[in-house]
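Descriptive structure summary
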Amino acid sequence: MKSPLRQLTALLLGAGSLLAGAPAQALEQIQLMLPLIDTPFTIQLSELRDQRKLLSGDSDLAELDRATDGAIGRRLVEAFQTPLPLPLKAFAEQSVGSPLVSQVLLLISSVVIVEGVRQPLDTKELAASLATSQAKGSLNLLEVLEALPGKSASVDLQRVVLAIDRVTSQQRLGQSLVTSLPAAAINLALSQTGPQAVKRQELAIPVTHRPKPLQVVTIQPETGSNGRLVLISHGLWDDPESFEGWGRHLASHGYTVLLPRHPGSDRSQQQAMLSGQMPPPKPEDLKLRPMDMSAVIDAAAAGSLALPAGLRTDNVVAMGQSYGATTVLQLAGARPSAGLLNRFCKDVTNPERNISWVLQCSFLTSADQAGLADPRVKAVVAVSPPMSLLFDQGSARTMTARALVVSGSRDWVVPSGPEALRPMALEARNVGGGHRLVLARDGDHFNLRSSYEQGGGALRGLLLAWTDGAFAAGAAAAPGPNVPSLLPPDGWGDMEFPLVDVTADLRTMPIGPNQP
């Protein structure tokens with residue numbers, strides 16, 4: 001049996017190339033598997049548009065629906081037409097790797113098995129087919145199926161309903177908190193571009209742990225450097241370019257920012273994988289990524305990156321998103337472990353299970369060897385970190401740097417409930433090291449990033465406030481009970497995605513028994 005990561009890879013491989021000829025034939029029917037019934041039923045997708053068509057159709061399921069006076073039809077129509085937890089607001093890129101298409105493909109891989117699709121899936125065509133949903137602001141499973149190529153697909157109704165209900169449940173507490181608690185106000189001193197003009201460069205440095213030089217983007221003030229260093233780690237199948245806006249905003253306020261490109265888990269690796277030239281990311285990448293970050297600090301200390309004079313490399317702030325957020329938590333001293341991975345990776349019915357478990361469970365063989373803290377890193381920002389299984393409860397006791405965790409209330413790839421609220425609530429009760437959790441209202445797994453042109457995005461004020469606080473604290477930035485907050489009480493908010501600090505509620509937050 002294929003691993004979940006390889007199943008997702010197989011789906012993406014079908015989406016890797018664009019069709020040169022005529023559009024692929026869209027799905028017309030599905031083989032539907034119902035709970036407690038061994039025989040699959042053939043159903044025309046057109047019959048799911050409304051229950052009357054389902055009742056008047058001639059498929060096997062239509063016969064069963066009539067026998068139950070429409071009870072099955074009502075449940076089917078509800079399941080296939082309920083809006084999915086997918087954000088459609090930023091429907092800009094229309095290619096492999098774009099936020100929406102990536103989320104749609106992840107969704108398909110979790111609930112749908114497409115049969116006999118040999119032609120590559122034209123993702124531009126898929127995106128165009130789904131674009132009509134943008135006007136109404138939602139997307140349902142029926143619309144996804146109608147946009148797929150092929151003649152038939154297998155759909156397990158129980159898995160569909162379970163997946164939708166599970167994600168909704170995993171987002172519920174976060175959604176409640178961001179609507180009931182006050183959002184941070186906006187201080188223009190934090191949110192506006194700073195006074196320093198900035199410059200961007202791309203360099204490559206030799207490293208001992210990789211066969212080829214490591215590519216590094218540098219963003220720094222042209223003049224007026226404050227002598228302080230920040231590192232940013234990108235996520236899986238992403239690039240530094242998606243976070244250069246964070247770097248630009250910080251550099252305009254005097255910081256020198258370095259963004260390594262992690263080979264083996266960047267966008268070029270995804271493209272090579274899609275073309276069949278490379279396998280999926282390997283478990284060893286869990287160790288190699290923190291080593292990339294430490295090697296960049298080493299290069300800065302050795303004067304190999306043409307950085308401002310007087311730059312201190314013994315006191316560094318690191319930040320990252322998704323897989324990159326996991327990387328910076330490792331640098332901060334959180335030790336990965338296979339303990340929870342062994343217990344829960346095969347538990348397919350666990351209510352905490354989410355898409356990020358695919359990535360976390362791929363590290364089963366490498367987790368115990370991936371404790372790679374760097375004492376030069378004094379504080380980190382972890383945006384949407386997959387961490388519920390990768391880090392054992394109590395692992396924060398080994399942390400040498402303080403963490404600000406940020407989670408989007410509508411993130412379904414790394415949902416806030418199991419991947420942020422529960423782990424941070426346990427940390428607050430067990431350790432209480434001065435770490436903080438901020439939720440972004442309506443934030444998803446992709447819209448909190450920022451390109452260079454965007455200049456920092458929704459998190460720019462928050463990132464600057466935390467970074468300023470970490471450097472200003474000096475030795476007091478170290479984690480520990482009753483330490484002063486590195487984050488000011490206000491001023492780091494955003495209009496588009498209101499930001500809510502929920503740290504004070506963590507100790508009393510309901511977390512439930514017997515979960516990761």
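Quick note: structure is the one above.
Here's what I pulled together on the structure shown here. As the structure is a prediction and not an experimental result, all values here were calculated from the model. What you see as residue numbers is a count from 1 along each chain, following the sequence as written. This being a predicted model, a pLDDT of at least 70 is required before a residue's local features are given, and a value of 80 or more before pairs of side-chain atoms are given or counted; all residues contribute to the totals for chains, interfaces and linings. Hydrogens and water molecules were not included; the side-chain quantities draw on all heavy atoms of the structure.

Positioned with a positive phi, Trp 237 is a non-glycine residue whose angle comes to about 55°. Only DSSP runs of H or I covering at least 4 residues are called helices, and only runs of E covering at least 2 are called strands; the numbering of each starts at the N terminus. As for its position among the elements, Trp 237 is in the loop between β7 (229–233) and α10 (244–252). Look at Trp 237 and you get buried, because its relative accessible area is 12%. Phi angles above zero are rare outside glycine, and Ser 384 is one such case at about 55°. Its location among the elements puts Ser 384 in the loop between β10 (377–383) and β11 (402–408). The buried label applies to any residue whose accessible area, calculated with a 1.4 Å probe on protein chains only, is under 20% of its type's maximum; exposed applies above 50%, and partly exposed to all values in between.

Further remarks concern the nonpolar core. By size, the foremost hydrophobic cluster in this structure holds 62 residues, and its most contacted members are Leu 231, Leu 258, Leu 329 and Leu 437. The contact criterion used is simple: two residues touch if any of their non-hydrogen atoms lie within 4.5 Å. Not counting residues up to four positions away in its chain, the partners in contact with Leu 231 are Leu 258, Met 293, Val 296, Ile 297, Val 316, Val 317, Ala 318 and Met 319. Buried Ala, Val, Leu, Ile, Met, Phe, Trp, Tyr and Cys residues that are joined via side-chain atoms within 4.5 Å together make up what is termed a nonpolar core.

Once that is clear, we can look at the pattern of salt bridges. Proximity of charged atoms lets side chains of opposite charge pair with each other. The term salt bridge refers to a pairing of a side-chain nitrogen on Lys or Arg with a carboxyl oxygen on Asp or Glu at a separation within 4 Å. Here the structure, examined in full by the defined rule, presents 13 salt bridges. A salt bridge links Arg 200 to Glu 202; the shortest N-O distance between them is 2.9 Å. Taking relative accessible area as the criterion, Glu 202 reaches 49% and is therefore assigned partly exposed. Among the salt bridges present, the one from Glu 244 reaches Arg 200, with a minimum N-O distance of 2.8 Å. Here the residue Glu 244 occupies a position in helix α10, and Arg 200 occupies one in strand β5 (residues 198–205), the gap between them amounting to 44 residues.

As a packed pair, α10 and helix α17 (residues 460–473) sit with axes 10 Å apart at the nearest point and diverge in direction by 55°. Classified by the interaxial angle, the pair formed by α10 and α17 is oblique. Crossing of α10 over α17 shows right-handed handedness. Together, Trp 246, His 249 and Leu 250 of α10 and Arg 460, Gly 461, Leu 463, Leu 464 and Thr 467 of α17 make up the contact between the two elements. The residue makeup of the contact of α10 with α17, split by class, is 4 nonpolar, 3 polar and 1 charged. For helices, the fitted axis covers only the stretch in contact; all axes are lines through C-alpha atoms, and the angles between them, taken along N-to-C directions, range from 0 to 180 degrees. In these notes the angle categories are as follows: under 35 degrees is roughly parallel, over 145 is roughly antiparallel, 65 to 115 is roughly perpendicular, and the rest is oblique. Should the near helix be turned anticlockwise from the far one by less than a right angle, the crossing is termed left-handed; should it be turned clockwise, right-handed. Gly counts as polar in this scheme, as do all residues outside two lists: the nonpolar Ala, Val, Leu, Ile, Met, Phe, Trp, Tyr, Cys and Pro, and the charged Asp, Glu, Lys and Arg.

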